[in-house]
Amino acid sequence: MKKISLLSLIAVLVLFALNGCLTVETKEYTFELTGPNSGKLTIRYINILSTMDDSVDVSADDFEELLSNYLYGESFETDYPDAVNFEKQLYEENGVLCGRITMEFTDLSAVKLFRYKSSGPYMLNIGSFLDTETFIEANGDFGGDTMPVVFWSEDARVLTLKTGVAQPDETTLSLLDDYLEWKEKK
């Protein structure tokens, strides 16, 4: 009995050790406001990458995860449960694999935006994703490390934010070739 448990534990550990990780170089958020509380959010993922684990290339598995969980799956719908009309796309741009997700919303909170008592500046707390993303730029004002919120004026209609996620290096592999092969078969 103990031998089976030990073998099971080793199998699980090997499985986790061979799992790569999907990442991206930068993300660009564009909130287009069509009403006081409604609009469309577009998130662009620039340079989608696979992170090797212990020098093992698992990019094929990561590309399959990209397709099954993100392009065809419901990961975005889970992350933004109150948004509607999701559109997802993978494409090549400037020699790298990119992705685009668009969604519509009828309430600012559906896309994590906030306004105090429905007036004043639009706000987005990026502190919740500062562990995985770093602020690069916005067409609003960033409060910095002590106040990790981006503020946009109340009369703004297009709110933009760009964040950095991962710098490509010797441990990352582009998924562009996997995408081109998949696209050709499609």
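Conventions and cut-offs
Residues numbered from 1 in each chain as written. Predicted model: local features only at pLDDT ≥ 70, side-chain atom pairs only at ≥ 80, totals over all residues. Heavy atoms only, no water. Phe/Tyr/Trp six-rings, centres within 6.5 Å; stacked < 30°, edge-to-face > 60°. Helix = DSSP H or I, 4+ residues; strand = E, 2+ residues; numbered from the N terminus. Buried < 20%, exposed > 50% of the residue type's maximum accessible area, 1.4 Å probe, protein only. Lys NZ or Arg CZ within 6 Å of the ring centre and 35° of its normal. pLDDT = per-residue confidence, 0-100. Contact = heavy atoms within 4.5 Å. 1 Å grid on protein atoms, 1.4 Å probe; cavity = no way out; pocket = protein on both sides within 12 Å on 5 of 7 lines; lining within 4 Å. Points joined across faces, edges and corners; volume = space filled by probe spheres on them. Nonpolar A, V, L, I, M, F, W, Y, C, P; charged D, E, K, R; others polar.

Turning to the packing of aromatic side chains, a few remarks are in order. Ring pairs (aromatic) are described by centroid distance and by the angle formed between their planes. With the rule as written, the count across this model stands at six aromatic pairs. With centroids separated by 6.1 Å and ring planes inclined at 65 degrees, the aromatic side chains of Phe63 and Trp182 adopt a geometry described as edge-to-face. Here Trp182 lies in helix H4 (residues 176–185) and Phe63 lies in helix H2 (residues 59–71), a separation of 119 residues in the sequence. Residue Phe63 shares its accessibility class with Trp182, and that shared class is buried. With a centroid separation of 5.9 Å and an interplanar angle of 40 degrees, the aromatic rings of Tyr179 and Trp182 are classed as tilted. Of this pair, Tyr179 and Trp182 both sit in helix H4, three residues apart, which is roughly one turn of that helix. Accessibility classification places Tyr179 together with Trp182 in one group, the buried group. Clustering of aromatic rings is evident, with ring pairs tying together Tyr45, Tyr70 and Phe76. The side chain of Lys112 reaches across the aromatic face of Tyr80, ending 4.1 Å from its centre. For Arg115, the ring lying beneath its charged end belongs to Tyr122, and the centroid distance is 4.4 Å.

To continue, consider the confidence of the model for the chain. Within the chain, residue pLDDT values average 89, and 89% of them lie at 70 or more. Across residues 1–19 the pLDDT falls below 50, and counting only partners more than four positions away or on other chains, this stretch makes seven contacts in the model.

Moving on, we come to the layout of surface pockets. For the largest pocket, the calculated volume is near 740 Å³. Lining the largest pocket are 30 residues, with Val24, Lys27, Tyr45, Tyr70 and Phe76 positioned closest to its centre. Considering each element in turn, the lining of the largest pocket owes the most residues, seven residues, to strand E1 (residues 21–33). Split into classes, the residues belonging to the lining of the largest pocket amount to 20 nonpolar, four polar and six charged.

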